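# Overview (structure and organization)
As a plain string of letters, each chain reads:
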Amino acid sequence: MMEAVKSTSNAAKKPLMTPKAIIHQRFGDKAIYKVEEVQDLTQNGCPGLAVLQKGPCLYRCTLLLPEIVVVSDSFKRKKDAEQSAAEKAIEKLGIRQKEYKPTILEAWDDLTSRLVFLFANEFLSSLHPLSGHFRAALRREGHFNGCVPVSVIALYDAKIGNICIHINPAAESNPLLVMSLVLKAAAKQNDMVLPFEEQLSLKRRNPYPPEIIQPSTDHGSSLCYGSTIEVIRIPASPYKDVEALKLNIAETGYYLDVIGHELGVNEASNVLISRTIGKASSELRIYSPAPKRQLWEHLSEHDVKQHIHLEESLNERASYFSGQFVYGDAILASVGYTWKSTDLFHEAVALRTYYRILVNRIPNGAYKISREAILAANLPLAFTTRNNWRGSLPRDILCTICRFHHISEPVFSVQLISSDSSQDLPESHKKLEVMEADRDEKSEAVLAASCGSGNLVGSTEASSCEVKIYSKKQELILRCSPQEAYRKQNDAIQSAALKVLSWLDIFLEKPDTSVEKLNAVAKKLDIHLSLHYLSKEFASCQSIHKCGITIAQSLKLLNYNCSGNVVKDEPAFVAVAGQSSGITPSNGSLASVCYSVSLVTDGGRMKEHLESCEEFEFEVGNEAVLPDLEVAVAQMTVGQSSNVQTELVPCELILAAAGDSAATLSLLSSRSCKLEYNITLMRVTEPLEERMEQALFSPPLSKQRVEFAVRHIKEFSASSLVDFGCGSGSLLDSLLLYPTSLEKIVGVDISRRSLARAAKSLHTKLNSLLGAKDTSSVIKSAVLYDGSITKYDSRLHGFDIATCLEVIEHMEEKDACLFGDVVLSSFCPKFLIVSTPNYEYNVILQGSTPQSQEEDPNEKNQAQSCKFRNHDHKFEWTRSQFNHWASDLAARHNYSVAFSGVGGSADTEPGFASQIAIFRRSDDDYDRVAKMEFGHQYVVLWEWNIEDLLPKKE
Ligand code: SAH
Ligand code: MG
């Protein structure tokens, strides 16, 4: 089943006017809607079957208009009833909007009469945004009195724009063409409007009668806006920085004259005004000098760019912002007349606003802004679940980014896959195979779905999603077809969107990335691309974000790193203040922090506050915060604080966050600075699996696993133990609490962050145990290694006991199998204990899940939405799958194996919650397993030795 999901959030085409909007346009407040409830006695629209039964509640709307009253049909939703009433009224009144389809001659006539209408007496006192300009023009002094710029008429009157499109379709995307058509139309008639050709403005031939002017100019002189507006100058030269300016607009007649003056073009009619930037409701626009009149004519025929660039200097930054070609120095301002008021509206545009707009056009930046945490948030690596996601959703960000860059809306295609649940497959199928039936672009990928790992309870469906991005000219520029299947359609969509965002982010933010690297990353993310079209569509974006760091360059802050993917050695420990509460965030949990960031000089003597946030929540282990912060938080317990200094991030980010740009800039320019973060860990929300294990088992399942291991350590009198996939050291940590025969303990993991946490905790515990009197039963040495447990390291050969608790399901199945072979064939421990979830037990967990915290009604119960206990699980095995794997493994390596578990019992269906296999080496075979001396594959991250600490006893 194939389903195309087109984003509706920001449809490219304007919707037709709704019936209500048409009525409103005509009657305004005089239209009164009254909605009442009615009882539905007819079922399913079969009036014949008037079943006397309480049906669903319906609504009917009565619309009262000055001339008529109409009543709607009945609807389930109030708003449908209202629209229906409006629709009926329109029919009765015969005011259905006719499609406007004039001939070219008619259009010319319409254009002229529209001009006559605009210059008529009545228009001057209307609340049209344009009428404010007409009134202001009458306050202009001398020669220009009453002159209204053509650019203003062309831009602020939607009707004029629409008529011009019918004269020349190119007018839609070319404001200069609209202006020249308006000038021509004005020239065609002389009765009312005088074209001031060289001034590019229009003026009424006969003055307005004084009684018309008076009231409106009165209004104008009692202006209630301040005397200055704050704006930004964007120089045409990319080597000059943008700067903040103040313009004085109070006493003068017309604010556009002030802007014109600032732009060096003398007066208003030489100022070109862009469309609004960002939200349609804003008045944020780019003001620039109008190109020379002689150049306009060419513009309707050919590519604008080629003609003009020869003579004028293109302002790349301003063009990028407005999506139109802008020449010369430009001003970014939020000022203008609106529908609502006769007063001039304006808002300060600070440098910060400029940088925020800039930052918002790149995926990572847009994410940061959506979280209001520019100097802390980071676009997460993966979409795990809707519950763990914070900030704007990937799909929405992707749509916004496409809109900003004037390319088509992304197209999402969702594929539903029914999974066969009948069988328990011994060599369980892991991944859904994606096969492309046909290379033809139009044929969608066909998914041959084999069932997911293990047997799902009842028949279920999963979704996968493909995203395609097309240029304005409908060339396919990018396609992302992830293989992963999701239980929820929305998760599949968001996850695919995030992949595209992650790639685009590198492409846009780090324009120096090599083609090979871009292709390699794309491949990993299941993305096929046409770099040719991509570069074409995003060319200006790339160059702007290069020149966005002009400041950094001119300040010689060259530590800005363009390649951006240097793997830094993470600091082993971060200084943490406050008592340990023992509650640490683990991967997959949600950490809630409060932070504040300042710019500090080297010695720390000067400080400028940049950003703070009272509560910032993120998913741990998903790179959802800046890496240095994640490292710090991983080592904190709830209630603790730490202070972290980091290198500067790109200046556009710092300026987008800074409240006081001037102070920030002067600090940045005067000395070498760092960012200083103060972070407090306020709360940790465990992932669902942990919450379930704690809530539904007593003692918690994790504790039962530890106790299980301890029992076996005692039983085997083990003196050395290695914990494969030790994570943040929960087992090693707990072992210290029990008196055992252990002398040496070792942990191995691939997550450095988890290991750092383990090191920290073990370090403190071991040292405090040393303080205790009796050191005889105390561990003598402890080591933590960074390495993959599918690789062999001879330093861990022949240990008494090896544990691997709840780890294999986090690896691909083939790696789990590889691990089994490597341990039993090369590490050869006397005993190996492996635990993993029992898939069959999930029914019970799902039946009694603690209520998930999210209140989103669409997210019923997270357990139902996730077929595995944890989103990081690559598989979960049934008892028979686990038995099959373990027995086969043991047989091949001359071990015996016994099965057990924790949570539940072996004799009651569906068995243990966590299933455990205990492998025992056949001792007669020990000679065969001579120690193999390979190179050391693991890296020692932390090491502790009692000899180094105890005073020598001699
Ligand atoms: N054993 C711990 C942690 C379980 S979470 C406990 O019971 O609490 C799974 C851990 O396996 C994670 O810390 C993850 O980093 C680690 N892991 C996954 N694949 C690995 C691999 N190939 N090599 C080493 N560790 C791995
Ligand atoms: Mg697990």
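Please refer to the structure higher up on the page.
Here's what I pulled together on the structure shown here. (Residues numbered from 1 in each chain as written. Chains lettered and ligands numbered in written order. Predicted model: local features only at pLDDT ≥ 70, side-chain atom pairs only at ≥ 80, totals over all residues. Heavy atoms only, no water.)

## Section: the environment of Trp-885
Inspection of the secondary structure assignment puts Trp-885 in helix H32 (residues 879-893). Overall, the relative accessible area of 8% leaves Trp-885 in the buried class. (Helix = DSSP H or I, 4+ residues; strand = E, 2+ residues; numbered from the N terminus. Buried < 20%, exposed > 50% of the residue type's maximum accessible area, 1.4 Å probe, protein only.)

## Quick notes on the site of ligand 1
Close to ligand 1 lie 15 residues; Gly-725, Ser-730, Asp-749, Ile-789 and Leu-805 are nearest. The contact in question runs from a nitrogen atom of ligand 1 to an N or O atom on the side chain of Ser-788, over 3.1 Å. Protein contact buries 79% of the 570 Å² of open area that ligand 1 shows by itself. Considered class by class, the residues forming the shell around ligand 1 number six nonpolar, seven polar and two charged. (Near = heavy atom within 4 Å. Polar contact = N/O pair within 3.5 Å; in protein donor to acceptor, adjacent residues only side chain to side chain. Areas by Shrake-Rupley, 256 points an atom, 1.4 Å probe, with all protein chains shown as cover. Nonpolar A, V, L, I, M, F, W, Y, C, P; charged D, E, K, R; others polar.)

## Some remarks on helix H29 (residues 813-827)
For H29, with 15 residues, the first-to-last C-alpha span of 20 Å sits near the 21 Å given by 1.5 Å per residue. Turning to H29, its buried residues are Glu-813, Ala-816, Phe-819, Gly-820, Val-822, Val-823, Leu-824, Ser-826 and Phe-827. On its buried face, H29 is in contact with strand S25 (720-724), strand S28 (801-805), strand S29 (831-837), H32, strand S30 (895-902) and strand S31 (914-921). Cys-828 lies just past H29 and shows a positive phi near 45 degrees. (Expected span 1.5 Å × (residues − 1). Contact = heavy atoms within 4.5 Å.)

## Overview of the coordination of the magnesium ion (ligand 2)
Where a metal carries four tetrahedral donors, each ideal angle is 109.5 degrees; where it carries six octahedral donors, the ideal angles are 90 or 180 degrees. Around the magnesium ion (ligand 2), the protein contributes the donor atoms Glu-809 (OE), His-810 (NE2) and His-873 (NE2), at 2.3 to 2.4 Å from the metal centre. Spacing between the donor residues of the magnesium ion (ligand 2) along their common chain follows E-H-x62-H. With a relative accessible area of 27%, His-810 lands in the partly exposed category. (Donors = N, O, S within 2.8 Å, 3.2 Å for Na, K, Ca; no water.)

## Section: unusual backbone geometry
Excluding glycine, most residues fall at negative phi; most peptide bonds, likewise, are trans. The omega torsion of the bond from Ser-698 to Pro-699 falls at -5 degrees, within 30 degrees of zero and hence cis. As for its position among the elements, Pro-699 is in the loop between helix H25 (688-696) and helix H26 (701-716). Of note in this structure, Asn-894 is not a glycine but carries a positive phi near 65 degrees. Among the structural elements, Asn-894 can be located in the loop between H32 and S30.

## Some remarks on the nonpolar core
Residues Leu-332, Leu-398, Trp-503 and Ile-679 are the most contacted members of the largest nonpolar core, which totals 107 residues. At 12 residues, the largest contribution of residues to this core is made by helix H17 (residues 489-509). When near neighbours in sequence (up to four residues on either side) are disregarded, Ile-679 contacts Val-593, Cys-594, Tyr-595, Leu-629, Ala-632, Val-633, Met-636, Gln-640, Ser-641, Ser-642 and Val-644. Within the second largest apolar cluster, 62 residues are counted, among which are Trp-108, Ala-136, Ile-167 and Leu-181. (Core = buried A, V, L, I, M, F, W, Y, C linked by side-chain atoms within 4.5 Å.)

## Some details on the environment of Pro-394
Structurally, Pro-394 can be placed in helix H16 (residues 394-404). Look at Pro-394 and you get buried, because its relative accessible area is 0%. Spatially, the C-alpha atom of Pro-394 lies 8.5 Å from that of Ala-496, the residues being 102 residues apart in sequence.

## What to know about the state of the cysteines
Taken as a whole and judged by the stated rule, the model has zero disulfides. Cys-613 forms no disulfide, and the closest cysteine sulfur to it belongs to Cys-594, at a distance of 7.9 Å. (Disulfide = S-S within 2.5 Å.)

## Section: the packing of helix H3 (residues 104-118) against helix H7 (residues 158-167)
For the pair H3 and H7, interaxial distance at closest approach is 8 Å and the crossing angle is 160 degrees. Judged on the interaxial angle alone, H7 and H3 are roughly antiparallel. Crossing angle aside, the handedness with which H3 passes H7 is left-handed. Of H7, the residues touching H3 (which contributes Ile-104, Ala-107, Trp-108, Asp-110, Leu-111, Arg-114, Leu-115 and Leu-118) are Lys-159, Ile-160, Ile-163, Cys-164, His-166 and Ile-167. (Axes fitted to C-alpha atoms, helices over the stretch in contact; angles between N-to-C directions. Parallel < 35°, antiparallel > 145°, perpendicular 65-115°, else oblique. Left-handed = near helix turned anticlockwise from the far one by under 90°.)

## A word on the packing of aromatic side chains
A complete count under the given rule lists 27 aromatic pairs for this structure. Considering the side-chain rings of Tyr-354 and Tyr-355, the 5.0 Å spacing of their centres and the 90 degrees angle between planes classify their relative orientation as edge-to-face. Judged by its relative accessible area of 2%, Tyr-354 is buried. You can call Tyr-355 buried: its relative accessible area is 3%. By the ring-pair criterion, three or more aromatic residues cluster together here, those being Phe-875, Trp-877, Phe-882, Trp-885, Phe-899 and Phe-919. Its guanidinium or amino end placed over the ring of Trp-108, Lys-188 lies 4.0 Å from that ring's centre, counting from NZ or CZ. Over the ring of Tyr-320 we find Arg-361, and its NZ or CZ is 5.5 Å from the ring centre. (Phe/Tyr/Trp six-rings, centres within 6.5 Å; stacked < 30°, edge-to-face > 60°. Lys NZ or Arg CZ within 6 Å of the ring centre and 35° of its normal.)

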